[in-house]
Amino acid sequence: MEKLILFLSLFLLASCSADGSANGNAVDSGSADSSADSKQEPKVAFNADSCYKFMQKQVDFGYRIPSTKEHKECGKYLVSTLERFADTVITQDVTLKAYNGTKLESRNIIASWNPESKNRIILCAHWDTRPFCDEDPKAENHKKPVLGANDGASGVGVLLELARQFSIKEPNVAVDIILFDSEDYGHNDYHNSYCLGSQHWALNPHVPRYNARFGILLDMVGGKGARFAKDLISSFYANDVLEDVWKTAETLGYSSLFVNEEGGSIIDDHYYVNKMIGIPCIDILDYTNDEGFPSTWHTVNDTMENIDKEVLKAVGNVLITYIYNLK
Ligand code: AHN
Ligand code: ZN
């Protein structure tokens with residue numbers, strides 16, 4: 001009997017990760033590699049259920065609009081979560097000014113592994129959400145805020161799950177996960193009005209003379225029916241990284257998601273990382289020339305119901321494979 005209890009409690013311990021939510025480092029059932037030679041499997045495996053929970057948690061705070069209580073609370077959650085996984089976490093708190101003069105109390109969050117190493121890469125996403133659903137088909141929704149399950153929480157969710165994996169097994173390269181704030185308070189009529197957090201960081205990096213080999217931005221990486229095309233800003237500034245990531249996706253059987261198509265010239269956080277601080281940076285973004293942005297983009301339908309765990313899993317597996325193969 002005692003033995004049975006011991007066995008059961010060990011089993012329970014083994015099946016809970018530190019956040020009490022997702023299953024630790026088990027390989028997802030259904031992933032391509034959960035078969036016979038499990039001894040040779042890496043210790044890490046992207047867990048889409050864990051990623052989804054990290055997203056749900058953000059969405060549960062409400063609209064993450066800069067200068068609101070919900071935004072501040074979510075920021076604290078992101079910092080404390082990253083502190084569990086990373087070697088160091090630095091925050092940049094700054095009041096930025098939107099195109100319409102609104103003051104945006106903003107926080108860029110930088111989580112680092114092996115912060116002294118020069119052999120580093122950046123993984124980034126924005127964590128704020130847009131205050132207006134101005135792409136909604138219904139005009140009555142245009143002044144309502146975006147919940148940002150995809151546009152905000154998805155990129156951050158993937159990065160938090162990667163952070164959890166890095167805490168289990170550190171990659172060969174040093175990593176900075178940067179969560180940019182105040183990306184989505186822009187207006188198309190105003191030049192450089194999007195991506196205020198990344199512009200601030202590029203002018204004021206968290207450490208003096210900061211540099212990295214390259215960056216990968218994630219933006220809207222969880223939507224049903226997502227398709228990632230080869231964005232033109234990414235191919236102009238960081239074509240080697242772009243091609244290597246798309247090749248990794250092809251190897252894993254995800255070519256219908258990471259399509260071999262030219263994308264748009266999208267002004268996103270990666271543009272400022274390329275342009276202002278000179279670090280080559282690609283964007284994994286749900287945008288194709290025939291379909292544009294996802295149909296939920298900047299609408300009231302950007303909710304968890306329209307998230308597809310299989311898409312999250314594909315993006316996570318591509319990144320994890322690519323990153324752990326870097327020297
Ligand atoms: C523009 O629409 C100019 N850029 C898209 C950046 C963006 C907004 N990504 C998510 N929301
Ligand atoms: Zn947006």
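Residues numbered from 1 in each chain as written. Chains lettered and ligands numbered in written order. Predicted model: local features only at pLDDT ≥ 70, side-chain atom pairs only at ≥ 80, totals over all residues. Heavy atoms only, no water.

Details of the overall build of the protein chain
Across its full length, the protein chain carries eight helices and eight strands. Across the 327 residues that make up the protein chain, the buried fraction comes to 55%. Within the protein chain, contacts between residues separated by at least 24 positions form 78% of all contacts whose residues are at least 6 apart in sequence. For the protein chain, the exposed area adds up to about 14900 Å²; of that, 51% sits on carbon and sulfur atoms. (Helix = DSSP H or I, 4+ residues; strand = E, 2+ residues; numbered from the N terminus. Buried < 20%, exposed > 50% of the residue type's maximum accessible area, 1.4 Å probe, protein only. Contact = heavy atoms within 4.5 Å. Areas by Shrake-Rupley, 256 points an atom, 1.4 Å probe, with all protein chains shown as cover.)

Regarding the coordination of the zinc ion (ligand 2)
Protein ligation of the zinc ion (ligand 2) involves Asp 151 (OD), Asp 184 (OD), Asp 184 (OD) and His 298 (NE2), the donor distances falling in the range 1.9 to 2.7 Å. All donors to the zinc ion (ligand 2) come from one chain, and their sequence spacing reads D-x32-D-x113-H. Here the residue Asp 151 occupies a position in helix 4 (residues 149-168), and His 298 occupies one in the loop between strand 8 (281-285) and helix 8 (309-324), the gap between them amounting to 147 residues. For the pair Asp 151 and His 298, a shared accessibility class is recorded, and that class is buried. (Donors = N, O, S within 2.8 Å, 3.2 Å for Na, K, Ca; no water.)

Comments concerning the sheet that holds strand 8
Pairing is mixed in the open sheet, where six strands are placed in the order 1-2-4-3-5-8. Each of the sheet's edge strands pairs with one partner strand only, and the pair in question is strand 1 (88-97) and strand 8. Between one strand axis and the next, the sheet turns by 20 degrees as a mean value, whatever way the strands run. Summarising the sheet, strand 3 (residues 120-126) and strand 5 (residues 214-219) pair through four bridges and their orientation is parallel. When the bridges of strand 5 are listed, Leu 123 appears paired with Ile 216. Against the sheet, helix 6 (residues 232-251) makes contact with strand 5 and strand 8, and its axis sits at roughly 65 degrees relative to strand 8, the strand it touches most. Against the sheet, helix 7 (residues 269-277) makes contact with strand 3, strand 4 (174-180), strand 5 and strand 8, and its axis sits at roughly 175 degrees relative to strand 8, the strand it touches most. (Pairing = 2+ DSSP bridges. Axes fitted to C-alpha atoms, helices over the stretch in contact; angles between N-to-C directions.)

Structural notes on the side chain of Gln 92
By the element assignment, Gln 92 lies in strand 1. At 2.6 Å, the side chain of Gln 92 and the backbone oxygen of Asn 204 are in polar contact. For Gln 92, the residues in contact, after removing those within four places along its chain, are Ser 106, Arg 107, Asn 108, Ile 110, His 200, Trp 201, Asn 204, Pro 205 and His 206. (Polar contact = N/O pair within 3.5 Å; in protein donor to acceptor, adjacent residues only side chain to side chain.)

Describing the pattern of salt bridges
The tally for this structure, following the rule as stated, stands at 12 salt bridges. Between Asp 176 and Arg 120 there is a salt bridge, and its shortest N-O distance comes to 2.8 Å. You can see Asp 176 sitting in strand 4 and its partner Arg 120 sitting in strand 3, a full 56 residues away along the chain. Arg 120 sits in the buried class, given a relative accessible area of 4%. Taken together, the shared-partner salt bridges connect Arg 227, Glu 261, Asp 290 and Glu 291 into one network. (Salt bridge = Lys/Arg side-chain N within 4 Å of Asp/Glu carboxyl O.)

Nothing here speaks to function; it is all geometry.
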